[in-house]
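# Observations on chain architecture
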Amino acid sequence: MDFEEEFIGTLANISDAPMIYFKAAYYFVISSTLGKYITCPLYPRPTDNPMRPNVWIILSGMTGYMRKSTVINLATYVIRHAYTKYFKVKMPRSDPKSIASMVTSMILETGSPEGLADHISEAQKDLDTFMLISHEFGACLLYTSDAADELDGVD
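In this report, the structure presented in the accompanying data block is examined. (Residues numbered from 1 in each chain as written. Predicted model: local features only at pLDDT ≥ 70, side-chain atom pairs only at ≥ 80, totals over all residues. Heavy atoms only, no water.)

## Re the pattern of salt bridges
For clarity, the cut-off: Only one rule defines a salt bridge in this text: a Lys or Arg side-chain nitrogen within 4 Å of an Asp or Glu carboxyl oxygen. Numbering goes from the N terminus for both helices and strands, where a helix is a DSSP run of H or I of at least four residues and a strand is a run of E of at least two. Burial classes: relative accessible area under 20% of the type maximum marks a residue as buried, over 50% as exposed, and values in between as partly exposed (1.4 Å probe, protein chains only).
A full pass over the atoms with the stated rule returns one salt bridge. In this structure, the salt-bridge partner of Asp-16 is Arg-67, at a minimum N-O distance of 3.0 Å. Highlighted residues: Asp-16 in the loop between α1 (3–14) and α2 (19–33) and Arg-67 in the loop between α2 and α3 (68–90), separated in sequence by 51 residues. Residue classification places Arg-67 among the partly exposed residues on the basis of a relative accessible area of 33%.

## Side note on a nonpolar patch on the surface
Rule in force here: Within the patch definition used here, like charges are joined within 9 Å and nonpolar side chains (Val, Leu, Ile, Met, Phe, Trp, Tyr) within 5 Å, considering only residues with over 30% relative accessible area and no salt bridge. Accessible areas in this description were obtained via Shrake-Rupley with a 1.4 Å probe; residue shielding takes into account the shown protein chains only.
On the surface, a cluster of nonpolar side chains totalling about 250 Å² of accessible area is made up of Tyr-27, Val-55 and Ile-57. For Tyr-27, the location among the structural elements is in helix α2.

## So, the nonpolar core
For the record, the criterion: Nonpolar core, defined: a set of buried Ala, Val, Leu, Ile, Met, Phe, Trp, Tyr and Cys residues in which side-chain atoms within 4.5 Å join the residues together.
By size, the foremost hydrophobic cluster in this structure holds 29 residues, and its most contacted members are Phe-7, Val-71, Tyr-83, Phe-87 and Met-131. Secondary-structure elements contributing two or more residues to this core are α1, α2, α3 and α4 (96–106).

## Quick word on the packing of aromatic side chains
Basically, it comes down to this: Pairing of aromatic rings covers Phe, Tyr and the six-membered ring of Trp, with a centre-to-centre limit of 6.5 Å; geometry is then stacked below 30 degrees between planes, edge-to-face above 60, and tilted otherwise.
If you walk through the whole model with that rule in mind, you get seven aromatic pairs. Between Tyr-26 and Tyr-27, the ring centres sit 5.4 Å apart and the planes meet at 65°, which makes this aromatic pair edge-to-face. Residue Tyr-26 is classed as buried on the basis of its relative accessible area of 13%. On the basis of relative accessibility, which here comes to 47%, the residue Tyr-27 falls in the partly exposed class.

## Description of the environment of Met-19
We count it as follows: Note on contacts: a residue pair is in contact if any heavy atoms of the two residues lie within 4.5 Å.
With respect to the secondary-structure elements, Met-19 resides in helix α2. According to the relative accessible area criterion, Met-19 is partly exposed, its value standing at 42%. Considering only alpha carbons, one finds Met-19 and Gly-9, 10 residues apart in sequence, at a separation of 9.5 Å. The contact partners of Met-19, leaving out residues within four places of it in the chain, are Ile-8 and Ala-12.

## With respect to the environment of Ile-79
Along the chain, Ile-79 falls in helix α3. Spatially, the C-alpha atoms of Ile-79 and Val-29 are 6.2 Å apart, while their sequence positions differ by 50 residues.

What follows is the structure, given as structure tokens:
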């Protein structure tokens, strides 16, 4: 059994969400953890800043019935634990609370575009990977829409 089958099988044993959600969660976990080690050589960029894949996944379905939040929480759990173990190996002398704080800083839930940019620029001295994980993606779009509306009146 490969990792994909094991991951999807484990989620299927925990939740009755649609199988396509488990597959989407698998791709999200893989891209969030291993994606930073993959580059896109067809797009010329400086070697210190190569083009990397940026996977966006939106689970769409009826609220409360399709178990979107359950799948998102399970995928987030796997990502948190994978990065916690990674940082413990990479920085064995670090305080566990410091590692937990770093992992928490990588996961962005919602915020204004300015707030997200500020958070990333502040955390960027220690981190190079960030994930936007939101149970209500419409709220993210709402912030973007509000910011665009404000700029419409600016010359």
